[in-house]
Amino acid sequence: MKANNMNVKKLKILSYGCQMNMAESERMAGALAAIGCMPEADGIENADVILINTCCVRETAEEKIYGKIGELKAYKQQNPSLIIGVIGCMAQKEGQNIIRRAPHVDFVLGTNKITELAAAVESASEHRRRHFVDTDLTAGGMGDATPLRESKTAAWIPIMQGCDNFCTYCIVPYVRGREKSRPAAEILAEINAAQAAGFAEVTLLGQNVNSYGKNLPQENITDFADLIAAADRTGIGRIRFMTSHPKDLSDKLILTMAKSEHVCRHLHLPVQHAANGILRKMNRGYTKEHYRELVQKIRDAVPNIALTTDIIVGFPGEKDEDFAELLAFVEEIGFDSAYTFLYSKRTGTPAAAFADQVSDETKKARLQKLMDLQNKISLKLNEKFVGRRVRVLVEGASKNDPAVWTGRTSENKLVLFAHGNEQAGEFCDVKIEKAQTWVLKGVIV
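How each quantity is defined
- Residues numbered from 1 in each chain as written.
- Predicted model: local features only at pLDDT ≥ 70, side-chain atom pairs only at ≥ 80, totals over all residues.
- Heavy atoms only, no water.
- Helix = DSSP H or I, 4+ residues; strand = E, 2+ residues; numbered from the N terminus.
- Rg over C-alpha atoms; globule rule 2.2 N^0.38 Å.
- Buried < 20%, exposed > 50% of the residue type's maximum accessible area, 1.4 Å probe, protein only.
- Contact = heavy atoms within 4.5 Å.
- Areas by Shrake-Rupley, 256 points an atom, 1.4 Å probe, with all protein chains shown as cover.
- Expected span 1.5 Å × (residues − 1).
- Axes fitted to C-alpha atoms, helices over the stretch in contact; angles between N-to-C directions.
- Parallel < 35°, antiparallel > 145°, perpendicular 65-115°, else oblique.
- Left-handed = near helix turned anticlockwise from the far one by under 90°.
- Nonpolar A, V, L, I, M, F, W, Y, C, P; charged D, E, K, R; others polar.
- Salt bridge = Lys/Arg side-chain N within 4 Å of Asp/Glu carboxyl O.
- Pairing = 2+ DSSP bridges.
- Right-handed = clockwise from strand over helix to strand, strands pointing away.
- pLDDT = per-residue confidence, 0-100.
- Core = buried A, V, L, I, M, F, W, Y, C linked by side-chain atoms within 4.5 Å.

A look at the overall build of the protein chain
Reasoning step 1: Regarding its fold elements, the protein chain presents 13 helices and 19 strands.
Reasoning step 2: Relative to the globule expectation of 22 Å for 445 residues, the C-alpha radius of gyration of the protein chain, 23 Å, shows essentially globular dimensions.
Reasoning step 3: The C-alpha extent of the protein chain, read off along each of the three principal axes, is 60 × 60 × 50 Å.
Reasoning step 4: Counting only residues that meet the buried cut, the protein chain has 55% of its 445 residues in that class.
Reasoning step 5: Considering only intrachain contacts with a sequence separation of at least 6, the fraction spanning at least 24 residues in the protein chain is 72%.
Reasoning step 6: In the structure as shown, the protein chain presents an accessible area of about 19800 Å², 50% of it carried by carbon and sulfur atoms.

What follows is the structure in structure tokens.
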């Protein structure tokens, strides 16, 4: 393996997909730091080890990743000692196919393989084992390496792995396995460590955080509401969490959020659709009416909470009237923002075999209508912040203008403001002067 004079290997991790992937990449970087692999700030052309942490939730993500893997062949030809590893969800799904398509890849590790990563890199560097593939979901784990976090202000903290819901469109249970919760003591220790290291905010992550604790011994912390209450007692500046499944969001959790001091006034609650027939085909486990009642409970308990969501357009069998019902429901609920997606077939999921697939042309037209509506709603809700003074966690300089800094409110609103003496990780008050669809603009008070 190529190394500099201090025998430090340059590591580049290319991360795709969700927040969980980003959190796991930080833990991978921490695990590899123990064997002398340190993150490379510059381009991949300087790296000794390149890892691609993959996503396969949508077909477009998979195609993009295969394209990136192909690009790395030239780097391997220029530097035969370069180590290339493919890890994560797509690695779990594709396994040996990756090696067949891209023999310049040294190893493939599936999900939950952070504890196996250092050994795979060392084996490849010593030419003891090449074209190694491990997609055994029963072995592995996150390990206890300290994450090398990219953010200086907010820390991702996984609280569980896997999913037991088996929504018919979703491949996650097949590539991440069944639900498994981390012990509460580990999570709270990581929150305390993040706070001691200067982080002002943590985000607790899971495919369905509301299922937390089901496989743990029944002790003092038995469910997600208990975990949130314990996290609140640590005194960390802000606590966020995602993702919440509507069918498992309890009254106890709503009350805990309302009573908390540090839990943010923002909830991401994926609705996915509003037509009950589509929700049944998706195997979501709730109705439109249940979701509506849930939102009312949340807003009664936590006034002015910001509500965001995920929506899938063009699910098999979606008719014009189903889509019209979805638009009406989006307008009724008034989401602060929505992540909107075209339905994407995933081989191995039940929905991929459904006969009544929607055409790409229809899906794209419907998606545009949905985005146009949501943009109007988002702007209208953001305009209510104009003239208000908001508390912002400073994140740092804007990518477009170093004189303009960014921060987020408790409601997860992105705020732009002219930089003064504020530093990343500090809280400051900003008076909002202008609202746009995706950002608020203001001045330091």
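A short note on helix H13 (residues 360-383)
Reasoning step 1: The first and last C-alpha atoms of H13 sit 34 Å apart over 24 residues, in line with the 34 Å expected at 1.5 Å per residue.
Reasoning step 2: Buried within H13 are the following residues: Lys 363, Arg 366, Leu 367, Leu 370, Leu 373, Gln 374, Ile 377, Ser 378, Leu 381 and Asn 382.
Reasoning step 3: If you follow the buried residues of H13, they end up packed against strand S13 (306-313), helix H12 (320-333), strand S14 (337-342), strand S18 (427-435) and strand S19 (439-444).

Some words on the packing of helix H7 (residues 184-196) against helix H8 (residues 224-233)
Reasoning step 1: Where H7 contacts H8, the axes come no closer than 10 Å and their chain directions differ by 30°. Our classification of the angle between H7 and H8 gives roughly parallel. At the point where H7 passes H8, the crossing takes the right-handed sense. The segment H7 lies against H8, with Ala 184, Ile 187, Leu 188 and Ile 191 engaging Leu 227, Ala 230 and Ala 231.
Reasoning step 2: Residue composition of the contact of H7 with H8, grouped by class: 7 nonpolar, no polar and no charged.

A closer look at the pattern of salt bridges
Reasoning step 1: By the definition in use, this model includes 28 salt bridges.
Reasoning step 2: Note that Asp 164 is salt-bridged to Arg 178, the shortest N-O span being 2.8 Å. Pair noted here: Asp 164 is in the loop between strand S8 (160-161) and helix H6 (172-176) and Arg 178 is in the loop between H6 and strand S9 (180-181), with a separation of 14 residues, a long-range link.
Reasoning step 3: The class of Arg 178 is exposed, set by a relative accessible area of 53%.
Reasoning step 4: We note a salt bridge from Lys 281 to Asp 356, for which the minimum N-O separation is 3.0 Å.

Focus on the side chain of Glu 26
Reasoning step 1: By secondary structure assignment, the location of Glu 26 is in helix H1 (residues 19-33).
Reasoning step 2: Residue classification places Glu 26 among the buried residues on the basis of a relative accessible area of 6%.
Reasoning step 3: Excluding anything up to four places from it in sequence, Glu 26 contacts Pro 147, Leu 148, Arg 149, Glu 150, Ser 151 and Trp 156.

Concerning the pairing of strand S1 (residues 9-15)
Reasoning step 1: Of all the 7 residues making up S1, 5 are buried; the element is thus mostly covered by neighbouring parts of the structure.
Reasoning step 2: One ladder, built from 3 bridges, connects S1 with strand S2 (residues 37-39); its direction is parallel. Across the sheet, residue Lys 10 finds its bridge partner in S2, namely Met 38.
Reasoning step 3: As for the winding sense of the linkage, the β-α-β connection from S1 through H1 to S2 is right-handed.
Reasoning step 4: Where S1 lies against strand S3 (residues 49-54), 5 bridges are found, and the strand directions are parallel. Residue Ile 13 lies in a different strand from S3, and its bridge partner there is Leu 51.

A word on the environment of Pro 217
Reasoning step 1: Assignment of secondary structure puts Pro 217 in the loop between strand S10 (201-205) and H8.
Reasoning step 2: C-alpha of Pro 217 to C-alpha of Leu 148: the two residues are 69 residues apart in sequence and 30 Å apart in space.

Focus: the confidence of the model for the protein chain
Reasoning step 1: In the predicted model, the protein chain carries a mean pLDDT of 94, and 98% of its residues have values of at least 70.
Reasoning step 2: Every residue in residues 1-6 scores below 50 in pLDDT, and together they form 14 contacts with partners more than four places removed in sequence or on other chains.

Examining the nonpolar core
Reasoning step 1: With 58 residues, the main nonpolar core has Leu 204, Tyr 212, Phe 224 and Leu 227 as its most contacted residues.
Reasoning step 2: Excluding its chain neighbours within four sequence positions, the residues that come into contact with Phe 224 are Ile 159, Leu 204, Val 209, Asn 210, Tyr 212, Phe 241 and Leu 253.
Reasoning step 3: Among the nonpolar cores identified, the runner-up in size contains 26 residues, and Leu 14, Ala 61, Ile 98 and Val 175 belong to it.

Some thoughts on the sheet that holds strand S15 (residues 389-397)
Reasoning step 1: If you walk around this closed barrel you meet the 5 strands as S15-S16-S17-S19-S18, and the pairing is mixed. Going from strand to strand, the sheet's axes swing by 55° on average, the running direction of each strand aside.
Reasoning step 2: Of the strand pairs in this sheet, S15 and strand S16 (residues 404-408) are connected by 4 bridges, and their pairing is antiparallel. Within S16, the residue paired with Leu 393 across the bridge is Arg 408.

Observations concerning the sheet that holds strand S12 (residues 266-268)
Reasoning step 1: Spatial strand order, S12-S13-S14: 3 strands in an open sheet with parallel pairing. Of all strands in the sheet, those with a lone pairing partner are S12 and S14, marking the two edges. Strand after strand, the sheet turns through a mean of 15° between neighbouring axes, direction not considered.

Observations regarding the packing of helix H9 (residues 251-259) against helix H11 (residues 288-301)
Reasoning step 1: The geometry of H9 relative to H11 is characterised by a closest axis approach of 9 Å and an angle of 25° between their N-to-C directions. Considering their axes alone, H9 and H11 lie roughly parallel with respect to each other. Every pair of crossing elements has a handedness; the one defined by H9 and H11 is right-handed. Residue-level contacts link Asp 251, Ile 254 and Ala 258 of H9 to Leu 294, Lys 297, Ile 298 and Ala 301 of H11.
Reasoning step 2: Grouping the constituent residues of the contact of H9 with H11 by class yields 5 nonpolar, no polar and 2 charged.

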